[in-house]
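# A look at the structure
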Amino acid sequence: GASSFSGGSWGWGDGGDVGRSDSDGDLWPGHAFASDQAVIAQGTRRDGDSHLGTARASGTARFYAAGIEAGQAVILCEDFGRTVLAEAPVGAGNEVSIEFSVIGDRLSLKLDGQEVLTASDSRHARGMSGLRLGRPGTIACTNFEIREG
């Protein structure tokens, strides 16, 4: 299927989808009209400290993101400015499964199958879903899936 991206380089290599960025970068294979959605990414955080799934993205300045950033599990809202909706310390290793779901106004983050954070927000009703490196880094996903509905 078609994908959009902003920043970084995204492609297939080293046994999976690989994203690299010297600043930040986004990959959005999901379509722009999805509302209820889940992003599941299983892989290796190779470099950097910001590895996130995104949902309801309508460009580089309006989206939800969740995953691991600077040793914290986070759920974020970008709306021409960043709001941390939920955060907690996490001891995830380099091999990790990230599942970020947005159903109605409920946002949920699971790491390795365990729900670690939830939040509620209604700023973004629909948009693309995908992966995000919020800072310089590299991620390699051996399994990447988007579910709608």
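Residues numbered from 1 in each chain as written. Predicted model: local features only at pLDDT ≥ 70, side-chain atom pairs only at ≥ 80, totals over all residues. Heavy atoms only, no water.

### Overview of the pattern of salt bridges
- Following the criterion strictly, the structure yields 10 salt bridges and no others.
- Among the salt bridges present, the one from aspartate 79 reaches arginine 62, with a minimum N-O distance of 2.9 Å. Here aspartate 79, found in strand E8 (residues 72–79), pairs with arginine 62, found in strand E7 (residues 62–69); they are 17 residues apart in sequence, far enough to count as distant.
- A relative accessible area of 28% places aspartate 79 in the partly exposed class.
- Judged by relative accessible area, which is 26%, arginine 62 ranks as partly exposed.
- A salt bridge links arginine 123 to aspartate 121, with the nearest nitrogen and oxygen atoms 2.7 Å apart.
- Look at arginine 123 and you get partly exposed, because its relative accessible area is 35%.
- Classification of aspartate 121 by relative accessible area gives buried; the value is 9%. (Salt bridge = Lys/Arg side-chain N within 4 Å of Asp/Glu carboxyl O. Helix = DSSP H or I, 4+ residues; strand = E, 2+ residues; numbered from the N terminus. Buried < 20%, exposed > 50% of the residue type's maximum accessible area, 1.4 Å probe, protein only.)

### Points about the sheet that holds strand E13 (residues 128–133)
- Read across the open sheet, the seven strands follow the order E1-E4-E13-E6-E7-E8-E9; overall the sheet is antiparallel. In this open sheet, the two edge strands, each paired with only one partner strand, are strand E1 (4–6) and strand E9 (82–89). In this sheet, neighbouring strand axes are inclined to one another by 15° on average, regardless of whether the strands run parallel or antiparallel.
- Here three bridges tie strand E4 (residues 25–28) to E13, and the two strands are oriented antiparallel to one another. Residue pairing for E13: aspartate 26 is matched across the bridge by arginine 132. (Pairing = 2+ DSSP bridges. Axes fitted to C-alpha atoms, helices over the stretch in contact; angles between N-to-C directions.)

### Concerning the nonpolar core
- Judged by nonpolar contacts, the single largest core of 17 residues is most densely connected at Ile75, Phe100, Leu109 and Leu111.
- Of all elements in the fold, only E7, E8, strand E10 (95–103), strand E11 (106–111) and strand E12 (114–120) reach the threshold of two or more residues within this core.
- Tallying contributions element by element places E10 first for this core, with four residues.
- Look past the residues within four positions of leucine 109 in its chain and what remains in contact with it is Ala66, Gly67, Ala73, Val74, Ile75, Ile98, Glu99, Gln114, Glu115, Val116 and Leu117.
- One finds Trp28, Leu52, Ala65 and Leu76 within the second-largest nonpolar core, a separate group that totals eight residues. (Core = buried A, V, L, I, M, F, W, Y, C linked by side-chain atoms within 4.5 Å. Contact = heavy atoms within 4.5 Å.)

### Overview of the side chain of aspartate 121
- In this fold, aspartate 121 is placed in the loop between E12 and E13.
- Side chain to side chain, aspartate 121 and tyrosine 64 meet in a polar contact 2.6 Å long.
- The contacts of aspartate 121, once residues within four sequence positions are left out, are Tyr64, Cys77, Leu85, Asp105 and Leu107. (Polar contact = N/O pair within 3.5 Å; in protein donor to acceptor, adjacent residues only side chain to side chain.)

### Some thoughts on the sheet that holds strand E5 (residues 37–48)
- An order of E2-E3-E14-E5-E10-E11-E12 is seen for the seven strands of this open sheet, with the pairing classed as antiparallel. With one partner strand each, in any of the chains shown, strand E2 (9–13) and E12 form the two edges of the open sheet. For this sheet the average axis-to-axis angle between neighbouring strands, irrespective of direction, equals 25°.
- Direction of pairing for E11 relative to E12: antiparallel, over a ladder of six bridges. Note on E12: the bridge partner recorded for arginine 106 is serine 120.

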